[in-house]
Structures are given as structure tokens and as C-alpha cells.
Amino acid sequence: MIIKTNCMKKTAIMLLHCPDQQGIINEVTRFISDNRGNIVYLDQYVDIIDHRLFMRIEWELEDFLIPRASIYEYINTMIAQKYDMVFKVYFSDVRPRMAIFVSKMSHCIYDLLARYKAGEWDVEIPCIVSNHEDMRFVAEQFDIPYHVLPVKKDHSNAAEVEKAQMELLEKENVSFVVLARYMQIIGDNMIAAYPNHIINIHHSFLPAFIGAKPYHQAYERGVKIIGATSHYVTNELDAGPIIEQDVVRISHKDTPESLVAKGRDLEKIVLSRAVTKHIERKILTYKNKTVIFN
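Note that the coordinates shown come from a computational prediction; the quantities given were computed from them, not determined experimentally.

Scanning the protein from terminus to terminus reveals eight helices and 14 strands. When its C-alpha atoms are laid out on the principal axes, the protein stretches across 60 × 40 × 35 Å. Per-residue burial for the protein yields a buried fraction of 47% across its 294 residues. For the protein, the proportion of contacts with a sequence separation of at least 24, taken over those separated by at least 6, is 68%. Accessible surface computed for the protein: about 15,200 Å², of which carbon and sulfur atoms make up 52%. Positive and negative side-chain charges of the protein, numbering 35 and 38 respectively, have mean locations separated by a distance of 4 Å.

Within the element layout of this structure, histidine 203 appears in the loop between strand S10 (198–202) and helix H7 (214–221). Among the polar contacts listed, one links the side chain of histidine 203 to the side chain of arginine 181, at a separation of 3.4 Å. Residues in contact with histidine 203, not counting those within four places in the same chain, are Arg181, Lys213, Pro214, Tyr215, Gly227 and Glu267.

Glancing now at the pattern of salt bridges. By the definition in use, this model includes 20 salt bridges. Note that aspartate 246 is salt-bridged to arginine 273, the shortest N-O span being 3.0 Å. Separated by 27 residues along the polypeptide, aspartate 246 in strand S12 (residues 242–249) and arginine 273 in helix H8 (residues 256–279) bring together distant segments of the chain. Taking the relative accessible area as the measure of exposure, aspartate 246 reaches 23% and is therefore partly exposed.

For the rest of this paragraph, the subject is the packing of H7 against H8. Remark: H7 packs on H8, axes separated minimally by 9 Å, with the N-to-C direction vectors making an angle of 125 degrees. In this view, H7 runs oblique relative to H8, as classed from their interaxial angle. In terms of crossing hand, the pair formed by H7 and H8 is right-handed. Residue-level inspection shows Tyr215, His216 and Tyr219 of H7 in contact with H8, the latter providing Pro256, Leu259, Val260, Gly263, Arg264 and Glu267. Each residue belonging to the contact of H7 with H8 can be placed in one class, and the counts come to five nonpolar, two polar and two charged.

Right, let's get into the packing of aromatic side chains. According to the stated counting rule, one finds seven aromatic pairs in the structure shown. When the centroid spacing of 6.5 Å and the interplanar angle of 75 degrees are considered together, the rings of phenylalanine 31 and phenylalanine 64 count as edge-to-face. Highlighted residues: phenylalanine 31 in helix H1 (residues 24–34) and phenylalanine 64 in the loop between strand S4 (52–60) and helix H2 (71–83), separated in sequence by 33 residues. There is no split in this pair, since phenylalanine 31 and phenylalanine 64 are both buried. When the centroid spacing of 4.4 Å and the interplanar angle of 25 degrees are considered together, the rings of tyrosine 72 and phenylalanine 87 count as stacked. A residue pair is termed long-range when its members are at least 10 positions apart, and tyrosine 72 in helix H2 and phenylalanine 87 in strand S5 (residues 86–91) qualify at 15 residues. By relative accessible area, tyrosine 72 is classed as partly exposed at 44%.

Another aspect to go through is the confidence of the model for the protein. Any segment with low pLDDT has predicted coordinates that should not be analysed in fine detail. For the protein, mean pLDDT is 93; residues scoring 70 or higher make up 96% of the total. Every residue in residues 1–7 is under pLDDT 50, and counting partners more than four places away or in other chains gives 14 contacts.

Conventions adopted
Residues numbered from 1 in each chain as written. Predicted model: local features only at pLDDT ≥ 70, side-chain atom pairs only at ≥ 80, totals over all residues. Heavy atoms only, no water. Helix = DSSP H or I, 4+ residues; strand = E, 2+ residues; numbered from the N terminus. Buried < 20%, exposed > 50% of the residue type's maximum accessible area, 1.4 Å probe, protein only. Contact = heavy atoms within 4.5 Å. Areas by Shrake-Rupley, 256 points an atom, 1.4 Å probe, with all protein chains shown as cover. Lys, Arg positive; Asp, Glu negative; His and termini not counted. Charge placed at Lys NZ, Arg CZ, Asp CG, Glu CD. Polar contact = N/O pair within 3.5 Å; in protein donor to acceptor, adjacent residues only side chain to side chain. Salt bridge = Lys/Arg side-chain N within 4 Å of Asp/Glu carboxyl O. Axes fitted to C-alpha atoms, helices over the stretch in contact; angles between N-to-C directions. Parallel < 35°, antiparallel > 145°, perpendicular 65-115°, else oblique. Left-handed = near helix turned anticlockwise from the far one by under 90°. Nonpolar A, V, L, I, M, F, W, Y, C, P; charged D, E, K, R; others polar. Phe/Tyr/Trp six-rings, centres within 6.5 Å; stacked < 30°, edge-to-face > 60°. pLDDT = per-residue confidence, 0-100.

Below is the structure:
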């Protein structure tokens, strides 16, 4: 079920999942309406295998009786504990702050920044981080601070670089990170600090062709489609919860070079779709999967 209207008023957004049982949706909606909240979006899904309810609900704050600073506490006390509910509350007027990590390839970062400049996303980009100087000119075109933190080939300074990255993210109050073809492994400490808040683009249709040079692997295997996958970063390489995927057909006439060219077009589209859903707070993660709301 989906209820949605266009609304520019300040709203609260609640994402939740819990064991499914009768009456949960009714109790959540009644809690909001009893406190004079006008519901503008409601989407829910029940996993019949795990018997688990997933839900996204959004309501206007204009006449809501509970102060926004107390909403989480009220929900936790009055509803969440009763239903063993895992939930988060966001506010539409709090803009996410997105850091972009990039190495030497420009196709994804240009697409991200073009959408940002065009006003497609209600987001702030306080910094771009790289291990190379190559993309500084792109950052300068969009007037965004560019920070170079080089990683040695033997990765002997990886811990030092990760520490500097995390200090920068904390200083800039970054809420999530997008890896726009950042060709370095993200450290465990950063993953732990930003669980399901680091978005990567992998240039294959996972779980096929993980690791390096997937287009060359696809060419050698003679596949008829190639794809791109955007996922949250976890400690296991290229195995985090998948957010978005897409494919394009290829043929025996394609070379590794033409596969790379076709794949790059797909990568930027898939990554941007994933970023859009994250900014709109329409993703719930459970186990190693995602529920994506409309």
C-alpha cells in the first residue's frame, strides 16, 4: 500500500522493521493521527518467509503535538519496545551531507556533481576525497574542496590515511559517503563508523565477476549481458547489501574496450539511482539485503 502526496512542508520520516503481527500499522498510524500528524506517505512490505514487516511512513510536523526532539523517545516507549521494532526517524529539513571519494576516473563523479548542481538532490557536498590529484580540476569546476590523501602501493600507510579521512568526515559532519570509482579498500574502522552509509559502484552484475577487471572477465567468459551494481560497503569485498543494478546487452562483436565504454555509462546511472534512494531515506537494510520503497 502506498499513500503519497507532494508536500513542501517539514515532515518526519520513520523507517522501521519488526516481526510481523496484526495491528502494527494501525498502531503506528493511530499514534501519528492522535498527535495531529498528517500522513503524506505510507509504504509497507511483509516478508512472508522471515515473517517481518518493513515500513516507511512520513507525516507533517506543522501541527504535530510532540516536539521533534522527543519524537524518537515517544515512539520507542509507546510502540517500538512493544513490537521489538528497529527504527530510525529523519526530518525532511535536515539535508544529508555527502562526501565523494574518487581516484582517477571522471564519469561517475561528473554525473553526481551535475545532478547536485542541477538541484536534483536535496543534499550538501562539503568535500571530495581522493588518493590522486587527477580529479582536482573537476572539484574546482564545482567549487568543492578537494582533499588528496595518497595511499602507498604497499598500503603501509593505510591506517594513517583512514584516520585522516575519518577526521575530515567528522569535521565536515558527513552523514554518508559515495565511492565514485574510488579504487581503494575502505578500512574496517570507517565501515564500522558508517554502517550502511558508504555506497559503492561495482562495474559488474554482482555476484558475477567480483574484484578487478570484471569487463575483461566478462569478455573471456563470453557473456551476453554486462551490468553494474551499487551496494553498501561491508567488510567483505563487493558483498554488501545491493541497492541498485542494471544491465546492457552485448555480443560477440564487443571487445574489452567497448565493454568498458558501455559499462561506464551504466555505472553512473546505477550509482546515481542508489544515491537518490539513500538521500530520500527510502532504503531499509536487513541481514544482507535491502528493501527499497517507491
